[in-house]
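# Structural overview
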Amino acid sequence: RRVRAAFAEASVRWPAKPRLLYAWAAPPGAGDVPSAEHEAALRKALGPWMAVQGTGDSTAALATLAKATLAQLEEACRTAVEKNKPFTHVHLLAHGYPVEQAHKQHFGMALHDEVGDLRAVTPEEIEQALKPLVGHTVVVTLATCDAANLTNTITSKRSIAHGLHELGFPVVVASQFPLTGPGSNLMVETFYKALLDGEDVRGALHQARLVLYERR
C-alpha cells in the first residue's frame, strides 16, 4: 500500500548488487523461529550474486545477526552505512508481541535484551534502529506476526510496516495477521528468489501470495 510521504512519487535507485541483513530473534517465552530455514532460503536466493561478487564468500552479500538485540540491530545498520557498505535489503524474523495495554495495545516485536531475555520492542524503536538505512535499503521484509496490523482505529498508533514505509523505505512486506512458520518459509523462499532473479518487486510479491494461497 502507498502512504502519504515526500518520497512516495520519487523514483527509487535500485541497487546493482544486493547486500542483505538477516536478523532473527527467539527469546525465552516467545517460542522458536525457523531461523535455519530462512537463512538457507536467503543463501540460495543470493547464490548467483555471491559468485558474481568474487570469491563466493557469502559475507559479501549476506550478514546474519542471530538472537538480535535492539542495540545490535541499530549498530549493524549504522556501521554498514559508516563503512560505505549499506544493506540494500533487510529481513527480520521474530515473533510479534503486544506492547502497551487496553485500547492502546498494538503490536511490536519480541527481540532479546542484553542478557538474552525477552524485550518487547515498539514499532518506533524498530524505526529508530533501521533509520540509518533510509535512502540505501529498498526492501524490508518482516516475518513477524501482525507486523502490519494496525490493531484498532481508536488510537493513532502505526504498525511496524506502516511506520517503516512512512519513514522512507520504498518496499515493506509484512503480514496483517498471525504468520505461521511454514508460511514464513514459503514467503521468504518465493519472494527473494523471484526478486533476486530480477523480477519486478510487485511480481515477486504476487508469486509469494499465490504460493501461500495454493498451499493454505
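Quick look at the structure, then. Since the model is a prediction, treat every value here as computed from it, not as a measurement.

### So, the overall build of the protein
The secondary structure content of the protein amounts to six helices and eight strands. Secondary structure elements of the protein occur, N-terminal to C-terminal, as β-α-β-α-β-β-β-β-α-β-α-β-α-α. Here the protein holds 216 residues, and 42% of them are scored as buried. At a minimum sequence separation of 6, the contacts of the protein that also span at least 24 residues come to 71%.

### What about the packing of helix α3 (residues 123-130) against helix α4 (residues 160-167)?
One way to put it is that α3 packs onto α4 with a least axis distance of 9 Å and a crossing angle of 35°. As α3 packs across α4, the resulting crossing turns out to be right-handed. Taken together, the residues of α4 that come into contact with α3 (itself represented by Pro123, Ile126, Glu127 and Leu130) are Ile160, Gly163, Leu164 and Leu167. Looking at the contact of α3 with α4 residue by residue, the class counts come to six nonpolar, one polar and one charged.

### Topic: the pattern of salt bridges
Across all of its chains, the model carries five salt bridges by this definition. A salt bridge links Arg43 to Glu39, with the nearest nitrogen and oxygen atoms 3.0 Å apart. Residue Arg43 and its partner Glu39 are located together in helix α1 (residues 35-52), separated by four residues, close to a single helical turn. In this structure Arg43 comes out as partly exposed when scored by relative accessible area, which is 32%. With a closest N to O distance of 2.9 Å, Asp200 and Arg202 form a salt bridge. Its relative accessible area of 38% is what places Asp200 among the partly exposed residues. A relative accessible area of 65% means that Arg202 is categorised as exposed.

### Examining the nonpolar core
Leu73, Ile126, Leu130 and Leu142 are the most contacted members of the largest nonpolar core, which has 29 residues in total. Elements supplying a minimum of two residues to this core: β1 (20-24), β2 (62-65), α2 (70-82), β3 (89-93), β5 (106-112), α3, β7 (139-143) and α4. The element that contributes the greatest number of residues to this core is α2, accounting for four residues. If sequence neighbours within four positions are ignored, Leu142 has contacts with Leu92, Met109, Ala147, Ile160, Ala161, Leu164, Val172, Val173 and Ala174. Counting 27 residues, the second-largest nonpolar core is a separate cluster that includes Val33, Val139, Val171 and Ala208.

### Considering the sheet that holds β2
Strand order in the open sheet made by the five strands is β2-β1-β3-β7-β8, with parallel pairing throughout. This sheet does not close on itself; its edge strands, each paired only once, are β2 and β8 (171-173). Geometrically, the sheet is characterised by an average inter-axis angle of 10° between neighbouring strands, direction not taken into account. In terms of strand pairing, β1 meets β3 through five bridges, oriented parallel. Paired with Leu20 across the strands is His89, a residue of β3. Running over the sheet, α4 touches β7 and β8 and is turned about 170° from β7.

### Some words on unusual backbone geometry
The backbone of Lys67 shows a phi angle near 50°, a positive value even though the residue is not glycine. Within the secondary structure, Lys67 sits in the loop between β2 and α2. Residue classification places Lys67 among the exposed positions, given a relative accessible area of 53%.

### What about the environment of Tyr213?
Secondary-structure assignment places Tyr213 in helix α6 (residues 201-214). Assessed through its relative accessible area of 55%, Tyr213 is described here as exposed. Sequence separation between Tyr213 and Gly183 is 30 residues; the distance between their C-alpha atoms is 9.8 Å.

### Digging into the environment of Ala161
Counting through the fold element by element, Ala161 comes out in helix α4. By relative accessible area, which is 9% here, Ala161 ends up buried.

### Some words on α4
Within α4, the full set of buried residues consists of Ile160, Ala161, Gly163, Leu164 and His165. Immediately beyond the C-terminal end of α4, within one or two residues, lies Gly168, with a positive phi of roughly 135°.

What counts, and at which threshold
Residues numbered from 1 in each chain as written. Predicted model: local features only at pLDDT ≥ 70, side-chain atom pairs only at ≥ 80, totals over all residues. Heavy atoms only, no water. Helix = DSSP H or I, 4+ residues; strand = E, 2+ residues; numbered from the N terminus. Buried < 20%, exposed > 50% of the residue type's maximum accessible area, 1.4 Å probe, protein only. Contact = heavy atoms within 4.5 Å. Axes fitted to C-alpha atoms, helices over the stretch in contact; angles between N-to-C directions. Left-handed = near helix turned anticlockwise from the far one by under 90°. Nonpolar A, V, L, I, M, F, W, Y, C, P; charged D, E, K, R; others polar. Salt bridge = Lys/Arg side-chain N within 4 Å of Asp/Glu carboxyl O. Core = buried A, V, L, I, M, F, W, Y, C linked by side-chain atoms within 4.5 Å. Pairing = 2+ DSSP bridges.

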